[in-house]
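Here are the chains, one letter per residue:
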Protein chains: 2
Amino acid sequence: MTLIAKPLSLSFEQPLPLQGGGSLRNYHLSYETYGELNAERSNAVLICHALNASHHVAGHYEGQAKSEGWWDNMIGPGKPVDTNRFFVIGVNNLGSCFGSTGPMHINPETGRVYGADFPVVTVEDWVASQARLVDALGIEQLAAVMGGSLGGMQALSWSLQFPDRLRHAVVIASAPNLNAENIAFNEVARRAIVTDPDFHGGHFYQHGVVPKRGLRIARMLGHITYLSDDVMNTKFGRMLQSGAALKYSTQEIEFQIESYLRHQGDKFSEYFDANTYLLITRALDYFDPANAFKGDLTQALARAAAQFLLVSFTTDWRFAPARSREMVKALVANERQVSYAEIDAPHGHDAFLLDDPRYLALVRAYFERIDLGDAA
Amino acid sequence: MTLIAKPLSLSFEQPLPLQGGGSLRNYHLSYETYGELNAERSNAVLICHALNASHHVAGHYEGQAKSEGWWDNMIGPGKPVDTNRFFVIGVNNLGSCFGSTGPMHINPETGRVYGADFPVVTVEDWVASQARLVDALGIEQLAAVMGGSLGGMQALSWSLQFPDRLRHAVVIASAPNLNAENIAFNEVARRAIVTDPDFHGGHFYQHGVVPKRGLRIARMLGHITYLSDDVMNTKFGRMLQSGAALKYSTQEIEFQIESYLRHQGDKFSEYFDANTYLLITRALDYFDPANAFKGDLTQALARAAAQFLLVSFTTDWRFAPARSREMVKALVANERQVSYAEIDAPHGHDAFLLDDPRYLALVRAYFERIDLGDAA
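Since the model is a prediction, treat every value here as computed from it, not as a measurement.

Observations concerning empty space enclosed by the protein
Empty space among the atoms becomes visible once a probe the size of a water molecule is rolled across them.
Residues and elements named next belong to chain B.
Here is step 1: The tally for this structure, following the rule as stated, stands at four cavities of 30 Å³ or more.
Here is step 2: Reported here for the largest cavity is a volume of approximately 150 Å³.
Here is step 3: Forming the boundary of the largest cavity are 16 residues, of which Asn182, Phe185, Asn186, Thr225 and Arg318 lie nearest the centre.
Here is step 4: Those elements that provide at least two residues to the lining of the largest cavity are α3 (180–194), α4 (212–226) and α7 (274–286).
Here is step 5: Split into classes, the residues belonging to the lining of the largest cavity amount to 10 nonpolar, five polar and one charged.

Shown next as structure tokens:
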């Protein structure tokens, strides 16, 4: 059974107060839903996305080849998060470039495109905006909030901001905050974008250009951190792009890994928004629920009431298993119900999006035991 | 006793054939020497440098404050490589920007600055040019060739290209080749430089500009790979640049790690040459002595006759201890004399330049037992 996805949009009149001050007026959220909300309204699952993803989580668009959602291996009829049983909601975050209000939209205050004036939004702001969408869909309590990487941070934040509005938080390949190295990589990517002459202080739209050089560098760098050393050596190693003969050139492509990265950078620079890149990496940098508790994560997570599933991947050096274990430890210290799996996978951070059978089986088993309080 | 360094230069008339084809004509090498060559000419030690270093290895320049050589903690009177006993030679590599013939010099073929036309030079080419300098200094056989990182690759290559011309090879924090991730980081740095509009295809000198944006990104990225995750978390963690209040800005500096990286990038872009950066990272990419032996490092190292000291550092994820162990294993398989130390140091790749007492004591002990065949 194929799942046909339909993008939806909802406008919000009431200004959204932002953590960084001020508020966002007249915004809209793009979202999709899969499956049916049951009579008890107890089977809704919210999926939160990471940097380069959207509300289009599962299924495909009618008549559009290769339009599968970014977590289509995880979510759909008969899949680990089974849309025959669950009502799944995908939502695009504010500040993104895939539909919800973002830097390329009109600022109602000025009548001009936001560009760099789009306010800095945080994980907490996203969660607040998602809660309003969930309100609008008539859902009091979610069966689960689930996400990987930055999406996992949102699931964790849901459990703290709205402890009674979710029964399960599924936090995959994530971390309770970024460490210095994570922030450092984000900063290099941001500097590449901001110092691209085509960035024009973030108001490049009105110049009819895009800071593609910076976006390419940002994406190439990102890709290195998504992959493990192992998988890079296995997939690319030192293999040459063109057979056996070296070109002895500093600018031409010599190794296959160079070709792969350049291709990824080029593709990304064609569709991703530079201001969105800055905003999303900053949301990552800022997320740190323990900060208000002098760094004490146990105290920070004391508010959480949900049951938790955490998953990490052994070769993920971006959000290493040790970071998941910090969260597990803090939750256990609070006597919360926690399941934790450390999957021995070679693919690095990217593993959370891939078809690892143990990982998919584990998520399936977890969702199967989620009680919907219905007759089924 | 302070060591006063004096930069020297030697011109070479005979063209240097290059691995990538063609040859380099009328080149000169900048170098320095410390200590005295003994009567037996048996106490010479050649020091090879990595990316951002030069012939100025030890001592300082008369009347110039803060002009210490880059390995002044290692080399000098009474230091681990004791210039009271050894005659130490520092040499700047071809293609560098610190004195020896490089991209900013005049191409004798055209009468114009080389720029991007400077030929690609390899580790093997550097070693061949260093051997000519050693010839010119009247030294038949070196007591040792020593280097860290890319410098270690040169020491290894010496043992293969001129097995009878060195008695010891000291290879620190190095690798027998770059892996895919290493090449990937180099490629991101190169793309940042090459796509900087001020690069002008490598002929920026005649435009009176410097591709500083690209150099900054390259250096920021480099710095992340030189440091360990641990040391970054200890030194910077999530500390804010300006006290406790967040600015909620995508472009202003928020975290101390951002400030540190930007500062390093700015400094570097003021003095380092963009073409040199491309050339040196390419020399790193290309180095792979096992390649001619279908990847069999044991066969590749069979030619080596020197005794070896290898040192690695536990938190070095750029050239991890496993890479040093590959070399140790191949040398042992060839029944070569090898000493190997894995130093438990928190500083990452940078550790090879720092004052770790165990590391310095180890190198000292190794050099003390080097036999000079003299009366001493």
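Let us keep going from here.
Overview of unusual backbone geometry
Here is step 1: In this model, His200 of chain A sits at a positive phi of 50°, which is unusual for a non-glycine residue.
Here is step 2: Relative to the helices and strands, His200 of chain A resides in the loop between α3 (180–194) and α4 (212–226).
Here is step 3: At Glu335 of chain B, a residue that is not glycine, the phi angle is positive and equals roughly 60°.
Here is step 4: By the element assignment, Glu335 of chain B lies in the loop between α9 (321–333) and β12 (338–343).
Here is step 5: Residue Glu335 of chain B is classed as exposed on the basis of its relative accessible area of 72%.

Some points on helix α6 (residues 256–271) of chain B
One turn of an α-helix holds 3.6 residues; hence residues three or four places apart share an orientation.
Here is step 1: End to end, α6 of chain B covers 24 Å across 16 residues, agreeing with the expected 22 Å (1.5 Å per residue, within 8%).
Here is step 2: Ile257, Glu258, Ser259, Tyr260, Leu261, Arg262, Gln264, Gly265, Phe268 and Ser269 of chain B are the residues of α6 of chain B that are buried.
Here is step 3: At its buried positions, α6 of chain B is contacted by α3 and α7 (274–286) of chain A together with α4, α5 (229–235) and α7 of chain B.

Observations concerning the packing of α4 of chain A against α3 of chain B
In a pair of packed helices, the angle between the axes and the distance between the axes together describe the arrangement.
Here is step 1: Running from N to C, α4 of chain A and α3 of chain B cross one another at 170°; their axes reach a closest spacing of 10 Å. The orientation of α4 of chain A with respect to α3 of chain B, classified from their angle, is roughly antiparallel. Of α3 of chain B, the residues touching α4 of chain A (which contributes Ile217, Met220, Leu221 and Ile224 of chain A) are Glu181, Ala184, Phe185, Glu187, Val188, Arg191 and Ala192 of chain B.
Here is step 2: For the contact of α4 of chain A with α3 of chain B, the residue count by class is eight nonpolar, no polar and three charged.

Quick notes on the interface of chain A and chain B
Here is step 1: With 56 residues of chain A in contact, the opposing surface of chain B contributes 56 residues.
Here is step 2: Overall, the association of chain A and chain B removes approximately 4800 Å² of surface from exposure, summing both partners, and the carbon and sulfur fraction of that is 63%.
Here is step 3: Considering only the side of chain A, the residues that lose the most area to chain B are Arg238, Tyr248 and Thr250 of chain A, jointly responsible for 16% of the buried surface there.
Here is step 4: Between chain A and chain B we count eight salt bridges in total.

Cut-offs used in this document
Residues numbered from 1 in each chain as written. Chains lettered and ligands numbered in written order. Predicted model: local features only at pLDDT ≥ 70, side-chain atom pairs only at ≥ 80, totals over all residues. Heavy atoms only, no water. 1 Å grid on protein atoms, 1.4 Å probe; cavity = no way out; pocket = protein on both sides within 12 Å on 5 of 7 lines; lining within 4 Å. Points joined across faces, edges and corners; volume = space filled by probe spheres on them. Helix = DSSP H or I, 4+ residues; strand = E, 2+ residues; numbered from the N terminus. Nonpolar A, V, L, I, M, F, W, Y, C, P; charged D, E, K, R; others polar. Buried < 20%, exposed > 50% of the residue type's maximum accessible area, 1.4 Å probe, protein only. Expected span 1.5 Å × (residues − 1). Contact = heavy atoms within 4.5 Å. Axes fitted to C-alpha atoms, helices over the stretch in contact; angles between N-to-C directions. Parallel < 35°, antiparallel > 145°, perpendicular 65-115°, else oblique. Buried area = accessible area lost by both parts, 1.4 Å probe. Salt bridge = Lys/Arg side-chain N within 4 Å of Asp/Glu carboxyl O.

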